[in-house]
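# Analysis of the macromolecular model
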Amino acid sequence: MDTTEFRKRGKEMVDYVADYFEQLDKRQVYPDVEPGYLRPLIPDSAPQDPESFEDVLKDVEKIIMPGVTHWHSPYFFAYFPTASSFPALFADILSGGIGCIGFSWAASPACTELETVMLDWLGKMINLPEEFLAGKDGEGGGVIQGSASEATLVTLLAARTRTIRRVQSENPELTEADIMSKLVAYASDQAHSSVERAGLIGGVKIKNIPSDDKFAVRGSALKKVLHEDRAAGLIPFFFCATLGTTPCCSFDRLLELGPICNKENIWMHIDAAYAGSAFICPEFRHLLNGVEFADSFNFNPHKWLLVNFDCSAMWVKTRSDLTNAFKLDPLYLQHCHQESGLVTDYRHWQIPLGRRFRSLKMWFVFRMYGVKGLQEYIRKVTLFCFMGKFVTNRHLKFMFIGLQLFQGSNKLNEALLKSINDARKIHLVPCHLREKFVLRFAICSRTVESVHIQFAWKHISKLVAEPVVRKELEEL
């Protein structure tokens, strides 16, 4: 394929994607395929001779699309939002075209410097404390990670290294292994499973702090566990607070937890992966109060902020905490500016070496929407979330509270969820709240409107009347 054909086929692909979005509400949101459906539809090995673009594109529709779960469908209410916008798609095309691997400033100066500036832009949009911004000579700064899971892992490993070095300086007789065996990290019992996974990878104990009746961690609960663990000879070193938990979008009490972590010399990381985008609106910014006590903060613009996956924004107050944990400098990666204090080498801020030019997506979206446009979009989503609709159908409750919850018996909700997803008109997933099996209803698609939410409710109400669910209701 030469540039002439690339221009022609590129226009065709843009048309295909545009048609996909325009007709997305007509596609079945959840695929009707069985595991292993795809292998019989394609050859056992790659073709020896080239095939045409037309044939490949035909097979996209024939083979790929039947197995796609349409995350951007206005009838997709599962998991969490994954952002999409045309400016971000344009930026992804440009990023792929440039094709740089921006592991250091020298590997592509624009790739590094635009990322630093975009994280400062975004930090200012949510009114982060100055310590988190790189500026011209700040000690903190931001970086794009692939996901909030990576951000949690990176900060936990940095906190582990910082604590081991501090304890060894105070107790030179202790080995690293001695200290590692006593380290313990903490998170809410409602925290995302990625926090537990970070502990597994980091080789440290993870303890869940009990949440209150609103599923939030309070300072008193953390203080109690810390007192018990210190008395047992353990070394608390890391606490992951959550703003917007996956099961029910609860918020840990930062203003209570932060001072405790600071006093106890514990790294506080804030995971706001889901809720963080809302903080660009002044009326929601108070939910971030207490971030000033944190060592690191993370949220995902690729959820609400119209920046396509992957783009997880992470900030630290002290960048040397990261570089001290991850810095390795083989000769082939060194360059003449690396010790000048004027540049950032992001390979020292992350697990992988290579990185794509992801900040282009932020630059395109921030400029083509503007802060006001992004705020307008966030307010539209929250309006749908807080419509105040409350319907009671005997023992079944349906309400909009940010993440919508269906609460009935566990058996009823399991039957209802199966009916919903088997019908493939809308798509939902469940969670556990304490011992309750709960159906989550999340506003996900950029194109969702009130008509789609009303359709979903009417569809669910209709399913409740079906015999298998009605029988369970009658038995309650």
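Here we summarise the structure given alongside this text. (Residues numbered from 1 in each chain as written. Predicted model: local features only at pLDDT ≥ 70, side-chain atom pairs only at ≥ 80, totals over all residues. Heavy atoms only, no water.)

### Points about the sheet that holds strand β6 (residues 296-299)
Sheets are built from strands paired through backbone hydrogen bonds, the pairs being either parallel or antiparallel. Test applied: Two strands make a pair as long as DSSP finds a minimum of two bridges between them. Only DSSP runs of H or I with at least four residues qualify as helices, and only runs of E with at least two residues qualify as strands; both kinds are numbered from the N terminus onward. Interaxial angle, 0 to 180 degrees, is taken between N-to-C directions of lines fitted to C-alpha atoms, where a helix line uses only the stretch in contact.
With mixed pairing, 7 strands are arranged side by side in an open sheet as β1-β7-β6-β5-β4-β2-β3. Pairing within the sheet leaves two strands with one partner each, and these edge strands are β1 (141-145) and β3 (205-209). Shown here is a sheet whose adjacent strand axes are inclined to one another by a mean of 20°, direction ignored. Here 3 bridges tie strand β5 (residues 267-271) to β6, and the two strands are oriented parallel to one another.

### With respect to unusual backbone geometry
D310 follows F309 through a cis peptide bond whose omega is 5°. For D310, the location among the structural elements is in the loop between α10 (301-304) and β7 (312-316). Look at L306: it is not a glycine, yet its phi comes out positive at around 65°.

### Structural notes on the pairing of β3
For clarity, the cut-off: Convention used here: a crossover is right-handed provided that the path from the first strand, over the helix, to the second strand proceeds clockwise when the strands point away from the viewer.
Inspection of the sheet shows strand β2 (residues 183-188) paired to β3 by 5 bridges, in the parallel sense. Note that in β3 the partner of Y186 across the bridge is K207. Where the polypeptide runs from β2 across helix α7 (residues 193-202) and back to β3, its parallel neighbour, the crossover connection is right-handed.

### Points about the environment of T323
The line we're drawing: N or O atoms closer than or at 3.5 Å make up a polar contact, with two conditions inside protein: a donor-capable atom paired with an acceptor-capable one, and, for residues adjacent in sequence, both atoms drawn from side chains.
The residue T323 is located in helix α11 (residues 320-326) in this model. With 39 residues separating them in the primary sequence, T323 and M362 have C-alpha atoms 24 Å apart. Looking at T323, its side chain comes within polar contact range of the main-chain oxygen of S320, at 3.3 Å.

All quantities given are derived from atomic positions and should not be read as evidence of function.
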